[in-house]
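Chains, contacts and geometry: an overview
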Amino acid sequence: MEAVQLEPLFEENLPELKAGVVLAVTSPMERLIIFDRVNKYDKMLRSMAYLIRFAKFIASRKQSIIRGPLTVLELRGALAVTVRCVQKETFNLELRVIAEGGQSKHRLSGLKPFIDPQDDMLRVGGRLKNALIPYDSRHQMLLPGGHPFVDAIVRSLHRSNLHIGQKGLLALVRQRFWPLRVKSTIRKVIANCITCFRANPLKTSQLMGDLPSYRIQPAPTFAYTGVDFAGPFLIKSHTASRRPLITKAYVCLFVCMLTRAIHLELVSDLTTSAFLAALRRFTSIWEAGVKQVEAVLNSRPLVPCSDDPCDLTAITPAHFLIGREMKAVTEPSYLNVKQSTLSRWQLVQTIFQHFWRRWTAEYLPELQNRAKWTKATPIAKGALVLMADQGSPPFEWPLIKLHPGKDNICRVVTVKTSKGEYKRAITEVCLLPLDSKPD
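This structure is a prediction, so every number in the text was calculated from the model and none was measured.

Re the packing of aromatic side chains
This structure, assessed with the given rule, holds six aromatic pairs. An angle of 80° between the planes, with centres 5.1 Å apart, marks the rings of phenylalanine 222 and phenylalanine 282 as edge-to-face. Placement of the pair is phenylalanine 222 in the loop between α10 (213-216) and β5 (225-236) and phenylalanine 282 in helix α11 (residues 272-285), with a sequence separation of 60 residues. As far as the burial class goes, phenylalanine 222 and phenylalanine 282 line up, both buried. For the pair phenylalanine 229 and phenylalanine 275, a centre-to-centre distance of 6.2 Å together with 55° between the ring planes defines the contact as tilted. Of this pair, phenylalanine 229 sits in strand β5 while phenylalanine 275 sits in helix α11, and the two are 46 residues apart along the sequence. Residue class for phenylalanine 275 comes out partly exposed when judged on its relative accessible area of 25%. Three or more aromatic residues joined by ring pairs make a cluster, and in this case those are Phe35, Tyr41 and Phe149.

Here is the structure:
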């Protein structure tokens with residue numbers, strides 16, 4: 001039988017959908033199953049086009065058979081039918097008010113919508129009627145926010161335009177469509193796009209852990225010390241020549257984990273011998289006092305200063321640096337003893353005990369709040385991640401093993417790559433957003 005080319009059949013022309021009695025229906029149309037089973041825009045239109053072909057075949061009592069690939073007219077008709085189905089599903093009340101010519105306010109009043117007599121679609125009236133742009137750009141098709149059809153449109157435009165950004169994607173969508181709350185849909189689509197995530201990976205964050213005991217229990221200053229290096233810095237040697245020698249140098253930074261007191265040592269390079277020499281100098285001179293640069297940094301208050309002149313001076317790391325040995329024998333408390341009965345040594349110890357009491361009462365509660373990393377990120381064993389290392393390519397997909405802490409929250413992972421296994425902090429890997437639907 002010879003193929004017959006027919007004009008696109010719209011929804012109101014289908015015999016199955018014609019009604020002999022016109023009723024004012026207030027309940028919305030049920031969602032078509034195609035929107036829940038198909039998540040690609042092109043596939044949705046093609047499925048609807050073949051469905052219309054089948055409806056034409058049934059309407060012609062199996063006499064008219066259309067063969068061959070889908071035509072442009074058929075795809076346009078499928079788009080019109082799909083949009084009308086979505087609008088009747090979500091804009092049922094607005095369609096009834098506009099069809100009756102009512103002036104009552106509704107959620108689309110600001111767009112001044114109207115029903116296009118040519119295709120029976122709800123379109124934006126707006127203020128661009130006289131603009132020299134295509135008809136679809138002046139009167140876009142109205143669509144609801146958060147609908148699977150809208151998500152499919154945004155994903156299709158995002159992919160077909162080489163993963164364009166948010167503003168460009170918004171402009172492309174509004175050339176033909178006007179979805180409500182489309183900006184949130186665009187952000188969600190771009191956030192769940194694997195290609196965009198690979199190009200701009202977002203490091204994983206985890207709930208901030210509890211402070212270890214050496215950060216919150218009183219101990220001698222620098223009993224628990226962190227070490228770091230800064231630099232390199234260029235140092236000019238003091239010589240009599242016209243061209244003094246300029247060499248590289250580094251600063252070895254010793255930080256008290258308890259009081260935030262610091263000590264600086266100049267080192268010539270990053271070798272083990274240079275660090276050990278700096279460590280020996282640090283252990284031998286730190287109790288003699290604070291040098292000029294350290295005096296400024298160690299005078300920083302540990303807690304916010306008060307504007308009341310009657311309040312005590314803010315406690316600083318320097319209060320803990322002067323006059324106490326690293327391995328001094330623990331002294332009994334003299335805080336409740338009358339000062340006139342104390343010896344000079346006991347009076348000095350009373351001052352230090354007063355400092356520690358203020359440290360416990362003023363500084364320690366400031367560590368209670370989590371200023372960042374307030375949400376726990378669930379991570380499953382075998383999840384796919386991207387490495388955040390400078391030397392690894394951004395398109396590598398290693399697997400991870402989990403190392404949960406005492407609170408059963410994973411902050412360290414083992415990454416398995418083609419080159420071996422690497423142990424990394426959770427902040428150094430990027431968890432791929434694979435929980436979303438594939439596009």
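What about the confidence of the model for the protein?
When pLDDT is averaged across the protein, the result is 78; 78% of the residues are at 70 or more. Model confidence for the protein, summarised as mean pLDDT per element, is weakest for helix α12 (residues 292-297) at 58 and strongest for helix α6 (residues 148-160) at 94. This stretch, residues 1-6, has a pLDDT under 50; its non-local contacts, to residues over four places away or in other chains, come to 12 contacts. Across residues 323-329, where pLDDT falls below 50, the model places 11 contacts with residues more than four positions away in sequence or in other chains.

Details of the environment of leucine 367
Structurally, leucine 367 can be placed in the loop between α13 (344-363) and β8 (385-387). On a C-alpha basis, the gap between leucine 367 and aspartate 210 in space is 9.8 Å, while along the polypeptide they are 157 residues apart. Aside from chain neighbours lying at most four places away, what touches leucine 367 is Leu211, Arg215, Ile216 and Arg260.

Focus: the nonpolar core
Counting residues in hydrophobic clusters, the biggest one holds 26 residues, and the most contacted among them are Tyr41, Leu79, Leu143, Phe149, Val154 and Phe177. Put simply, the parts of the chain that give this core at least two residues each are α1 (34-37), α2 (41-59), α3 (72-90), β3 (141-143), α6, α7 (166-173) and α8 (182-191). If you tally residues by element for this core, the top one is α6, at five residues. Residue contacts for leucine 79: discarding those within four places in its chain leaves Tyr41, Leu45, Met141, Phe149, Arg176 and Phe177. Counting residues in each nonpolar core, the second largest holds 15 residues, with Phe254, Cys256, Leu258 and Ala278 among its members.

Considering helix α4 (residues 92-99)
Every buried residue belonging to α4 is among Asn92, Glu94, Leu95 and Val97, and all of these are buried. Looking at the buried side of α4, the elements it contacts are α3, β1 (114-115) and β2 (122-123). The positive-phi residue at the C-terminal boundary of α4 is glycine 101, with phi of around 75°.

Thoughts on the pairing of strand β6 (residues 246-256)
Judged from the 10 bridges that link them, β5 and β6 form a sheet pairing that is antiparallel. What sits directly across from aspartate 228, in β6, is leucine 253. Summarising the sheet, β6 and strand β7 (residues 262-267) pair through six bridges and their orientation is antiparallel. Residue pairing across strands places valine 251 opposite leucine 266, the latter belonging to β7. Counted along the chain from β6 to the antiparallel partner β7, the turn is five residues long, and its residue arginine 260 has a positive phi close to 65°.

What counts and what doesn't
Residues numbered from 1 in each chain as written. Predicted model: local features only at pLDDT ≥ 70, side-chain atom pairs only at ≥ 80, totals over all residues. Heavy atoms only, no water. Phe/Tyr/Trp six-rings, centres within 6.5 Å; stacked < 30°, edge-to-face > 60°. Helix = DSSP H or I, 4+ residues; strand = E, 2+ residues; numbered from the N terminus. Buried < 20%, exposed > 50% of the residue type's maximum accessible area, 1.4 Å probe, protein only. pLDDT = per-residue confidence, 0-100. Contact = heavy atoms within 4.5 Å. Core = buried A, V, L, I, M, F, W, Y, C linked by side-chain atoms within 4.5 Å. Pairing = 2+ DSSP bridges.

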